[in-house]
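# Results of the structural survey
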Amino acid sequence: MPASQRLRHRDFLAIPDFSVAELHALFDLADRMRTGRYTAKPLAGKTLAMIFMKASTRTRVSFEVGTYQLGGHALFLSPRDVQLGRGEPIADTARVLSRYVDGIMIRTFAHQDVEELARCAEVPVINGLTDLLHPCQVLADLLTVRQHLGGWDGKKVAWIGDGNNMANSWINAAYRLGFELVLACPEGYEPADHLLDRAREGGRVRLVRDPAEAASGAHVVNTDVWASMGQEEEQRKREHDFAGYTVDRAMMARAAQDAIFLHCLPAHRGEEVTSDVIDGAQSRVWDEAENRLHVQKAIMAALIGGEPLA
Ligand code: CP
Ligand code: NVA
């Protein structure tokens, strides 16, 4: 937006950027959107820039469709289209985009790049995935837990597999919301120390090696690919190192009877999850993918559209 119209802005880079009360308000708003009770157009006349330095199906489509449904317009910017891909500094990109658009969503590699973008931008910045975090996805996952289990109080969440951006965002969610989270990760694939240490102080987040221990009695069983974007050349080694970490029927049988299975997608059937689990009765992955749309609309309505989170 032009310099003359700029206001103070708020970013969403990590789940703890929102207070507990704000998160509940955000989920309420997302639920109103999910059930068709919200019809306002808070992004009318506004534009979202979407920078994608990595591939995407869900994030790209849900942000673009979500912006349109809220009355706004979204621009898809890949490294082939913008000078950022040819080395223009992220700070300069932030300053320039801020003069044209009302919000920036970015998916990239280094989390520090998103922090720098947010520091230099004069419009809200939303994290659409970094190597460290995937906060929009875990908010969609929490909305799915609320939709199917009524909430997370008194529930045990299991994370089975890589200590990656998804695991780190689940740790942040447990830190902020206080539910029990048990992560089972192989040696050498642990989540980020600084996030785990902070969350462990609350006493409800544990890291174990044995996937059966994590899955035992869990109400939510979660996994993700073994090789994330940017780690493709490690695929073979990871297949070896993650042996025993596949979520299969036997592992689901250890979970609570009404347990749900979540996966952010894309999934590799036969690796981190078997087909009978991801395509089975306990899987909620399609609702989970749909909830990206609702939760991101709520985030954009609040940060860009001025919808109060109270
Ligand atoms: N879950 C998720 O972020 O999917 P995409 O990589 O397709 O955006
Ligand atoms: N951990 C995965 C998530 C994809 C949505 C990745 O970063 O590739």
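Above: the structure in question.
All of these numbers come straight from a predicted model, not from anything done at the bench.

Parameters at a glance
Residues numbered from 1 in each chain as written. Chains lettered and ligands numbered in written order. Predicted model: local features only at pLDDT ≥ 70, side-chain atom pairs only at ≥ 80, totals over all residues. Heavy atoms only, no water. Axes fitted to C-alpha atoms, helices over the stretch in contact; angles between N-to-C directions. Helix = DSSP H or I, 4+ residues; strand = E, 2+ residues; numbered from the N terminus. Parallel < 35°, antiparallel > 145°, perpendicular 65-115°, else oblique. Left-handed = near helix turned anticlockwise from the far one by under 90°. Contact = heavy atoms within 4.5 Å. Near = heavy atom within 4 Å. Polar contact = N/O pair within 3.5 Å; in protein donor to acceptor, adjacent residues only side chain to side chain. Areas by Shrake-Rupley, 256 points an atom, 1.4 Å probe, with all protein chains shown as cover. Nonpolar A, V, L, I, M, F, W, Y, C, P; charged D, E, K, R; others polar.

A word on the packing of helix α5 (residues 135-149) against helix α6 (residues 165-177). Each pair of packed helices gets described by two things: the angle between the helix axes and the distance between those axes. Between α5 and α6, whose axes approach to 9 Å, the crossing angle comes to 60°. Classified by the interaxial angle, the pair formed by α5 and α6 is oblique. Crossing of α5 over α6 shows right-handed handedness. Side by side, α5 and α6 meet where Pro135, Gln137, Val138, Asp141, Leu142 and Val145 of the first sit next to Met166, Ser169, Trp170, Ala173 and Leu177 of the second.

This part is about the site of ligand 2. Taken together, Leu129, His134, Asn164, Asn165, Asp224, Ser228, Met229, Cys264 and Leu265 form the complete shell of residues around ligand 2. Within the contact set of ligand 2, a nitrogen atom lies 3.4 Å away from a side-chain nitrogen or oxygen of Asn164. At a separation of 2.6 Å, a nitrogen atom of ligand 2 approaches a polar side-chain atom of Asp224. For ligand 2, whose unbound accessible area comes to 270 Å², protein coverage reaches 94%. Class assignment for the residues of the shell around ligand 2 results in four nonpolar, four polar and one charged.

We now examine the site of ligand 1. By nearness alone, every residue bordering ligand 1 is listed as Ser56, Thr57, Arg58, Thr59, Arg107, His134, Gln137, Cys264, Leu265 and Arg292. The separation between an oxygen atom of ligand 1 and a polar side-chain atom of Ser56 is 2.6 Å. A distance of 2.8 Å separates an oxygen atom of ligand 1 from a polar side-chain atom of His134. Calculation on ligand 1 without its partners gives an accessible area of 250 Å², and the protein chains cover 95% of this total. Residues belonging to the shell around ligand 1 are distributed by class as follows: two nonpolar, five polar and three charged.

By themselves, these figures tell us nothing about what the structure is for.
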